[in-house]
Amino acid sequence: MTEQPGRLAAYWERQLDKLEEAERKRSRKLPGWRTRKHRRALVVVLVAADLALVAGATQFRADPRWVFPAFWLTGLFVGGFAFITLRVLTGRMSGSFSRLLDEREREWRHRVTYIGYQALSYLMLIAMFYGLIVADTAAAGAMMLSALLVTGTTIPAIVLGWSLPDDDPEDFEEGMGNA
């Protein structure tokens, strides 16, 4: 029984080492995009995609029937691309383990996580009122809930993408040289 915690701790350390190595590889991707200008452009795309999801959710079960899938699928695929790209460009700061972040990055992560939590709370209230007052079926309410949930989970990446300063090119070159 006493060996179990030691084995679990060793397993956890191996997993964190794997995550750290994966993040090191990922941090070398898209070197030309690691500027505030590019991140902000992706933020605008992501916000537009989130709005498309919400617009699609309002059109669920409406005529013509092509409106919902057009908005929903566009928001899903375009938003997914922008979100994943932003996560790469921000070093996955909003979702990494503390061990993988320095003090400044931990502070940013705590800040944006709190902002994201607050925004998600308000979005869920909006979804609740939409379901109670506007939605004519449970499925329509569920679609709006889904759209707002996706939107809320993108908030930390949006805040980081918009507000982080440009990466220091010297740090990036040092990281490339050590590879």
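This one's a predicted model, so the numbers in the text were calculated from it and none came from an experiment.

**Considerations on the overall build of the protein chain**
Link 1 in the chain: Along the backbone of the protein chain there are 6 helices and 0 strands.
Link 2 in the chain: Sequence-ordered secondary structure for the protein chain, helices as α and strands as β, is α-α-α-α-α-α.
Link 3 in the chain: Relative to its full complement of 179 residues, the protein chain shows a buried share of 32%.
Link 4 in the chain: For the protein chain, long-range pairs separated by at least 24 residues make up 75% of all intrachain contacts whose partners lie at least 6 apart in sequence.
Link 5 in the chain: As displayed, the protein chain has an accessible area near 11200 Å², and 64% of this comes from carbon and sulfur atoms.

**A short note on a nonpolar patch on the surface**
Link 1 in the chain: Taken together, the side chains of Tyr122, Leu125, Met128, Phe129, Leu132, Ile133 and Val134 define a hydrophobic patch exposed on the protein surface, amounting to about 780 Å² of accessible area.
Link 2 in the chain: Relative to the helices and strands, Ile133 is located in helix H4 (residues 103-134).
Link 3 in the chain: For Ile133, a relative accessible area of 66% gives the class exposed.

**Quick look at the nonpolar core**
Link 1 in the chain: Ranked by internal contacts, the top residues of the largest apolar core, which has 14 residues, are Ala57, Trp72 and Met143.
Link 2 in the chain: Elements that contribute at least two residues to this core include exactly helix H2 (36-58), helix H3 (67-89), H4 and helix H5 (138-163).
Link 3 in the chain: What Trp72 contacts, discounting residues up to four positions off in sequence, is Ala52, Leu53, Ala57, Met143, Ser146 and Ala147.

**Re the UniProt feature "transmembrane region" (unreviewed entry) in the protein chain**
Link 1 in the chain: Here the UniProt feature "transmembrane region" (unreviewed entry) sits at residues 41-60, 66-90, 111-133 and 139-162.
Link 2 in the chain: The span residues 66-90 is 92% helical and 0% strand by assignment, and the distance between its end C-alpha atoms comes to 35 Å.
Link 3 in the chain: Along residues 139-162 one finds 100% helix and 0% strand; the C-alpha atoms at either end are 34 Å apart.

**Focus on the packing of aromatic side chains**
Link 1 in the chain: Tallied over the full model, the rule gives 2 aromatic pairs.
Link 2 in the chain: An aromatic cluster of at least three residues, connected via ring pairs, comprises Phe60, Phe68 and Trp72.
Link 3 in the chain: Across from the ring centre of Trp162, 4.3 Å away, lies the NZ or CZ of Arg40, which sits over that ring.
Link 4 in the chain: The aromatic ring of Trp108 is capped on one face by Arg111, whose charged end is 5.3 Å from the ring centroid.

**Some thoughts on the packing of H3 against H5**
Link 1 in the chain: With their axes 11 Å apart at the nearest point, H3 and H5 run at an angle of 25° to one another. When the interaxial angle is binned, H3 and H5 end up roughly parallel. With respect to the hand of their crossing, H3 and H5 are arranged in left-handed fashion. Between H3, through Phe68, Trp72, Phe83 and Leu86, and H5, the contact on the second element is made entirely by Met143, Ser146, Ala147, Thr153, Thr154, Ala157 and Gly161.
Link 2 in the chain: A per-class count over the contact of H3 with H5 returns 7 nonpolar, 4 polar and no charged.

**Some words on the pattern of salt bridges**
Link 1 in the chain: Within the structure shown, the criterion is met by 1 salt bridge.
Link 2 in the chain: In this structure, the salt-bridge partner of Glu107 is Arg111, at a minimum N-O distance of 3.7 Å. Residue Glu107 and its partner Arg111 are located together in helix H4, separated by 4 residues, close to a single helical turn.
Link 3 in the chain: According to the relative accessible area criterion, Glu107 is partly exposed, its value standing at 41%.
Link 4 in the chain: According to the relative accessible area criterion, Arg111 is partly exposed, its value standing at 43%.

Calculation rules
Residues numbered from 1 in each chain as written. Predicted model: local features only at pLDDT ≥ 70, side-chain atom pairs only at ≥ 80, totals over all residues. Heavy atoms only, no water. Helix = DSSP H or I, 4+ residues; strand = E, 2+ residues; numbered from the N terminus. Buried < 20%, exposed > 50% of the residue type's maximum accessible area, 1.4 Å probe, protein only. Contact = heavy atoms within 4.5 Å. Areas by Shrake-Rupley, 256 points an atom, 1.4 Å probe, with all protein chains shown as cover. Patch = residues over 30% accessible without salt bridge, like charges linked within 9 Å, V, L, I, M, F, W, Y side chains within 5 Å. Salt bridge = Lys/Arg side-chain N within 4 Å of Asp/Glu carboxyl O. Core = buried A, V, L, I, M, F, W, Y, C linked by side-chain atoms within 4.5 Å. UniProt positions renumbered as here; feature names shortened; annotations may be inferred. Phe/Tyr/Trp six-rings, centres within 6.5 Å; stacked < 30°, edge-to-face > 60°. Lys NZ or Arg CZ within 6 Å of the ring centre and 35° of its normal. Axes fitted to C-alpha atoms, helices over the stretch in contact; angles between N-to-C directions. Parallel < 35°, antiparallel > 145°, perpendicular 65-115°, else oblique. Left-handed = near helix turned anticlockwise from the far one by under 90°. Nonpolar A, V, L, I, M, F, W, Y, C, P; charged D, E, K, R; others polar.

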